[in-house]
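Architecture and fold: a report
Each chain, written out:
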Amino acid sequence: MMPLDEKDLQLLTEVLPNVSAQLRSSMANVFAAANRLAPAEAREADPALDKNAAILTMSCHQMLRLVGNLSAVSELVQGGRFQLRNDDIVGFCHALCERAEPLFALRGVALRFSATRESHIIAFNAPMLERALLNLLSNALKFTPEGGTVSVRVKCGERYVQLVVADTGCGIEPERLAHIFERYLDTDRLDPAPPHGLGVGLSLCRRIAQGHGGMLVAESTVGKGTAFTLSLPNARSTELSLSDRRFDYAGGFDHVLMELSDALPSRAFLQKYLD
């Protein structure tokens, strides 16, 4: 990664987060207005209204996801460790997969979870790790065709706990694989059309792994699929946490639905699935 000059650093750490905050506020107003124009009762009684409202709701979630990633860009250039708390990493990952599995089913993709232990306590930052895993799950779902499988496996080793997100999708070419964590704000590497994106998500995932004292690596075979392995130190924190306050990076919106929104069909946002 090329070093950032002062102008680029200011853009990443000051300008983009401020712009993102204003966009988030505007999108929240759009979402609120949409709910007033098409309330749940009206959507349930009118399939045509529900279908159109689902497209609008999906678009709002996609924009909020993009805004969230842009506001998190500053995390990519700031060092330091996250505040970590002891918790069950197996139960955490399993619960996240259970929340995401119905959405995967709407795309005709199976989501499987497995672990080498029933439970295991380590220190991690739950909001940050959730964000990383949902980003990886979103990418996997996006590139896995109907009938395919995405698997999440927790492997508890002596030094590290590995969280492996693997898919049976299209795979990544070797020349692209070498740069997938370095794509933010690089216009030469931006993909021109969906289902690709700005590439901020994977850079953020790597930063989150590093903030835990861990790492993120990728392996892929074209035509067979891709596996991302996020490794966390197999250690517990000895520091006493004085606050249970959780930072809500989704701004009050459903975290799983928001992070997977760019990989889901519009029917995932029909009223019967939102209830």
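Up top you'll find the structure we're talking about.
Attention in this report is confined to the structure presented alongside it. For every chain, the first residue of its written sequence is number 1, and the numbers climb from 1 along that sequence. The predicted nature of this model means local features are confined to residues of pLDDT at least 70 and side-chain atom pairs, given and counted, to a pLDDT of 80 or more, with totals for whole chains, interfaces and linings taken over all residues. Working from all heavy atoms in the structure, the side-chain values ignore hydrogens and water.

**A few points about the overall build of the protein**
Helix numbers and strand numbers start at the N terminus; a helix is a DSSP run of H or I with at least 4 residues, a strand a run of E with at least 2. Helix and strand content of the protein: 10 helices and seven strands. Partly exposed describes any residue whose relative accessible area lies between the buried limit of under 20% and the exposed limit of over 50%, with all areas from a 1.4 Å probe on protein chains only and scaled to the type maximum. Within the protein, the fraction of its 275 residues that count as buried is 46%. Nonlocal contacts in the protein, meaning residues at least 24 apart in sequence, comprise 77% of its contacts between residues at least 6 apart. Split by element, the accessible area of the protein, about 14,300 Å² in all, is 53% carbon and sulfur. The contact criterion used is simple: two residues touch if any of their non-hydrogen atoms lie within 4.5 Å. Computed with the Shrake-Rupley method and a 1.4 Å probe, the accessible areas treat only the protein chains shown as cover for residues.

**Description of the packing of helix α5 (residues 89-106) against helix α6 (residues 126-142)**
An axis is simply a line fitted to the C-alpha atoms; with a helix, the fit covers only the stretch in contact. Between two such axes, the angle follows the N-to-C directions and lies from 0 to 180 degrees. The contact between α5 and α6 brings their axes to 11 Å, and the two run at 40°. As judged from the angle between their axes, α5 and α6 are oblique. Of the two elements, α5 crosses α6, and the hand of that crossing is right-handed. Contacts between α5 and α6 involve I89, F92, C93, L96, R99 and F104 on the former and, on the latter, A126, L129, E130, L133, L134, L137 and L141. Residues of the contact of α5 with α6, tallied by class, amount to 11 nonpolar, no polar and two charged. The cut-offs work like this: below 35 degrees is roughly parallel, past 145 is roughly antiparallel, 65 to 115 is roughly perpendicular, and the gaps in between are oblique. For a crossing to be left-handed, the near helix must be turned anticlockwise from the far one by less than a right angle; the clockwise case is right-handed. Side-chain classes are defined by residue name, with Ala, Val, Leu, Ile, Met, Phe, Trp, Tyr, Cys and Pro counting as nonpolar, Asp, Glu, Lys and Arg as charged, and the others, Gly among them, as polar.

**Observations regarding a nonpolar patch on the surface**
Like-charged residues are merged into a patch within 9 Å and nonpolar side chains (Val, Leu, Ile, Met, Phe, Trp, Tyr) within 5 Å, provided each residue has over 30% relative accessible area and no salt bridge. Salt bridges are counted wherever a side-chain nitrogen of Lys or Arg sits within 4 Å of a carboxyl oxygen of Asp or Glu. On the surface, a cluster of nonpolar side chains totalling about 200 Å² of accessible area is made up of V15, V19 and L23. Note on placement: L23 falls in helix α1 (residues 6-37). L23 gets classed as partly exposed once you look at its relative accessible area, which sits at 36%.

**Quick notes on empty space enclosed by the protein**
For cavity detection a 1 Å grid was placed over the protein atoms alone, and a set of points counts as a cavity when a 1.4 Å probe fits there but cannot get out; an open set counts as a pocket when protein lies on both sides within 12 Å along at least five of seven lines, with lining residues being those that have an atom within 4 Å of a point. Grid points are joined across faces, edges and corners, and a volume is the space filled by probe spheres set on the points. Overall, the coordinates contain one cavity of 30 Å³ or more when judged by the stated rule. Within this model, the largest cavity holds a volume of roughly 30 Å³. As for the largest cavity, its lining consists of C93, L96, C97, L133, L137, V152 and V165. No other element matches α5, which puts three residues into the lining of the largest cavity. Broken down by class, the residue content of the lining of the largest cavity amounts to seven nonpolar, no polar and no charged.

**Let's talk about helix α8 (residues 200-211)**
Expected span of a helix: the number of residues minus one, times 1.5 Å. A rise of 1.5 Å per residue sets the reference length of α8, with its 12 residues, at 16 Å; its end C-alpha atoms lie 16 Å apart and thus fit the reference within 8%. Of all 12 residues in α8, 10 are buried, a share of seventy percent or more. Once α8 finishes, G213 follows within two positions and takes phi at roughly 80°, a positive value.

**Quick look at the sheet that holds strand β2 (residues 110-115)**
Two strands make a pair as long as DSSP finds a minimum of two bridges between them. Taken together, the five strands give an open sheet; going across it, the order is β2-β4-β5-β7-β6, and neighbouring strands pair in mixed fashion. With one partner strand each, in any of the chains shown, β2 and β6 (215-221) form the two edges of the open sheet. With strand direction ignored, the average angle separating the axes of adjacent strands in the sheet is 15°. When β2 meets strand β4 (residues 149-156), the two strands line up parallel, connected through six bridges. By the bridge assignment, R112 is partnered in β4 with S151. Lying on the sheet, α6 is in contact with β2, β4, β5 (160-167), β6 and β7 (225-233); it crosses β5 at an angle near 25°. In this fold α8 packs onto β6 and β7, with an angle of close to 135° to the strand it touches most, β6.

**So, the packing of helix α3 (residues 47-71) against α6**
One way to put it is that α3 packs onto α6 with a least axis distance of 13 Å and a crossing angle of 125°. With respect to α6, the element α3 is oriented oblique. Like other packed secondary-structure pairs, α3 and α6 cross with a definite hand, here left-handed. Residues R65, G68 and N69 of α3 form the contact with α6, whose own contacting residues are R131, N135 and S138.

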